[in-house]
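Structural overview for review
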Amino acid sequence: MTHATGRKYLRPGALPHMWCAGCGIGAMLGALLRAFEELGYKPADTVVVTGIGCTGKLDDYLLTNALHTTHGRALAYATGIKAFRPQLHVVAVMGDGDSVNIGGNHFIHACRRNIGVTAIVLNNFNFGMTGGQASATTPEGSFSSTTSYGNPERAFDICALAEVAGANYVARSTPYHGWEMQGLMQRALANRGFSLVEVMSPCPTQFGRRNDMPEGVQSLHWLQQHAVPVERFRELPPAGRAGCFPIGTLLERDAPDFGANYDRVRARAAEARPA
Ligand SMILES: Cc1ncc(C[n+]2csc(CCOP(=O)(O)OP(=O)(O)O)c2C)c(N)n1
Ligand code: SF4
């Protein structure tokens, strides 16, 4: 991020940030702010809504409008803002715990509504802030503070969930692919309807430490080795896909969002209001 981008979007005096060395949240934030800059977003026209957790602390550092909400509920607040202030750029930034564990219900209904909110989900495969408990994205067989003998469950594919629930734009990236991540965020922000960018990310302090990747750079290597550009991934035979995951734009469509319906609701509510 350039100094100019930092000065435009970061609160003076807010740094240093609270994230551990090697955590992926800072790289994700940098990509998001560069995307804002490229799209010409003004801080006053932009709202960043967060939930709770290490990822949810991100709004502390911003000069944009920011709303720090309850755990799992960021998308409900973001939907309300977009419905009644459609001219604003509304971005919800959440951890995997926030978005698809405690907030799973809000997540699928935000996709179903397909209203113009952009969701950035930092998936670090566990509940980072509270001590590394297993989440719905903890890979099968891996270790967490609540799966000491290996996770017996399968993990959610957050992007597949967003696709079937009705989102218009779905993408995945990693902090290893910082510039591509920025490009995907720009496309997500510019797309009509609900957009998701999943950022698979290192959490060296919790998930990494328990899974032979105690340094952030080891997780970055793991992400580099297992991420496959989606065009190449789709050509792989099923056996070749094992253990890998696709990155890039996984889905882009132009299904109607319900913005026009909310326009009607706002107009009727204004008419019904006593003078
Ligand atoms: C309703 C509610 N339940 C539980 C908590 C405790 N809590 C705080 S942060 C957190 C984990 C957040 O994990 P995640 O969303 O994956 O974000 P990360 O810290 O990994 O970035 C939990 C369970 C809470 N604050 N509120
Ligand atoms: S505990 Fe994990 S997610 Fe939280 S700041 Fe540290 S590395 Fe990042």
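Attention here is on the structure that accompanies the text. Everything quoted here is computed from the prediction, not taken from an experiment.

Another aspect to go through is the overall build of the protein. From N to C terminus, the protein includes twelve helices and ten strands. Since a compact globule built from 275 residues should have a radius of gyration of about 19 Å, the 18 Å found for the protein is in line with a globular shape. Burial analysis of the protein (275 residues in total) assigns 50% to the buried set. For the protein, the share of sequence-separated contacts (at least 6 apart) that also reach a separation of at least 24 residues comes to 68%. Counting every atom, the protein has about 12,800 Å² of accessible surface; 56% of that belongs to carbon and sulfur. The average position of the 25 basic charges and that of the 22 acidic charges among the side chains of the protein differ by 6 Å.

Scanning the entire structure with this criterion turns up six aromatic pairs. Relative to Tyr41, the ring of Phe36 lies with its centre 5.5 Å away and its plane at 25 degrees, an arrangement referred to as stacked. Residue placement shows Arg34 over the ring face of Trp179; its charged tip is 4.1 Å from the ring centre.

With respect to spatial proximity, the complete set of residues near ligand 2 consists of Trp19, Cys20, Cys23, Cys54, Asn124, Gly128, Cys203, Pro204, Thr205 and Gln206. When the residues that make up the shell around ligand 2 are grouped by side-chain class, the tally is six nonpolar, four polar and no charged.

Here the focus is unusual backbone geometry. Cis rather than trans, the peptide bond between Leu15 and Pro16 has omega equal to 10 degrees. As for its position among the elements, Pro16 is in the loop between α1 (3-9) and α2 (25-39). Notably, Phe125 is not glycine yet its phi reads approximately 70 degrees, a positive angle. With respect to the helices, strands and loops of the structure, Phe125 is situated in the loop between β4 (117-123) and β5 (126-127).

Ranked by size, the top nonpolar core spans 31 residues in total, and within it Leu75, Phe107, Val170, Phe194 and Leu196 carry the most contacts. Contributions of two or more residues to this core are made by β1 (46-50), α3 (74-84), β3 (89-95), α5 (104-113), β4, α6 (158-165) and β10 (245-252). When neighbours within four sequence positions are excluded, Leu196 is seen to be in contact with Phe107, Ala119, Val121, Ile158, Cys159, Ala162, Tyr169, Val170 and Ala171. With 30 residues, the next largest nonpolar core counts Leu10, Phe36, Leu184 and Leu189 among its residues.

Turning to the site of ligand 1, a few remarks are in order. Taken together, 16 residues sit near ligand 1, with Cys54, Thr55, Gly97, Asp98 and Gly128 positioned nearest. Here Asp96 contributes a side-chain N or O atom positioned 3.5 Å from an oxygen atom of ligand 1. Considered on its own, ligand 1 offers 590 Å² of accessible surface; in the complex 72% of this is hidden by protein. Where the shell around ligand 1 is concerned, the elements lending two or more residues are α4 (96-101) and β5. Here the element with the most residues in the shell around ligand 1 is α4; it accounts for three residues. The class makeup of the residues in the shell around ligand 1 is five nonpolar, nine polar and two charged.

In total, this model carries seven salt bridges according to the counting rule given. Several salt bridges converge on common partners, so that one network encompasses Asp157, Arg172 and Glu198.

Strand order in the open sheet formed by eight strands is β2-β1-β3-β4-β8-β7-β10-β9, with mixed pairing between adjacent strands. The outermost strands of the open sheet, each flanked by one partner alone, are β2 (65-68) and β9 (227-229). Across the sheet, the axes of successive neighbouring strands diverge by a mean angle of 20 degrees, strand direction being ignored. Alignment of β1 against β3, held across five bridges, turns out to be parallel.

One way to put it is that α2 packs onto helix α7 (residues 178-190) with a least axis distance of 8 Å and a crossing angle of 50 degrees. When the axis of α2 is compared with that of α7, the two are oblique. Regarding α2 and α7, the two cross each other, and that crossing is right-handed. Judged by residue contacts, Ala27, Met28, Ala31, Leu32, Arg34, Ala35, Phe36, Glu38 and Leu39 of α2 engage Gly178, Trp179, Met181, Gln182, Met185, Gln186 and Leu189 from α7.

Unoccupied space between atoms shows up once a probe the size of one water molecule is rolled over them. Looking at the largest pocket, its volume works out to about 350 Å³. What lines the largest pocket is a set of 17 residues, and nearest its centre among them are Thr137, Pro139, Ala155, Phe156 and Met200. Each residue belonging to the lining of the largest pocket can be placed in one class, and the counts come to nine nonpolar, three polar and five charged.

Cut-offs used in this document
Residues numbered from 1 in each chain as written. Chains lettered and ligands numbered in written order. Predicted model: local features only at pLDDT ≥ 70, side-chain atom pairs only at ≥ 80, totals over all residues. Heavy atoms only, no water. Helix = DSSP H or I, 4+ residues; strand = E, 2+ residues; numbered from the N terminus. Rg over C-alpha atoms; globule rule 2.2 N^0.38 Å. Buried < 20%, exposed > 50% of the residue type's maximum accessible area, 1.4 Å probe, protein only. Contact = heavy atoms within 4.5 Å. Areas by Shrake-Rupley, 256 points an atom, 1.4 Å probe, with all protein chains shown as cover. Lys, Arg positive; Asp, Glu negative; His and termini not counted. Charge placed at Lys NZ, Arg CZ, Asp CG, Glu CD. Phe/Tyr/Trp six-rings, centres within 6.5 Å; stacked < 30°, edge-to-face > 60°. Lys NZ or Arg CZ within 6 Å of the ring centre and 35° of its normal. Near = heavy atom within 4 Å. Nonpolar A, V, L, I, M, F, W, Y, C, P; charged D, E, K, R; others polar. Core = buried A, V, L, I, M, F, W, Y, C linked by side-chain atoms within 4.5 Å. Polar contact = N/O pair within 3.5 Å; in protein donor to acceptor, adjacent residues only side chain to side chain. Salt bridge = Lys/Arg side-chain N within 4 Å of Asp/Glu carboxyl O. Pairing = 2+ DSSP bridges. Axes fitted to C-alpha atoms, helices over the stretch in contact; angles between N-to-C directions. Parallel < 35°, antiparallel > 145°, perpendicular 65-115°, else oblique. Left-handed = near helix turned anticlockwise from the far one by under 90°. 1 Å grid on protein atoms, 1.4 Å probe; cavity = no way out; pocket = protein on both sides within 12 Å on 5 of 7 lines; lining within 4 Å. Points joined across faces, edges and corners; volume = space filled by probe spheres on them.

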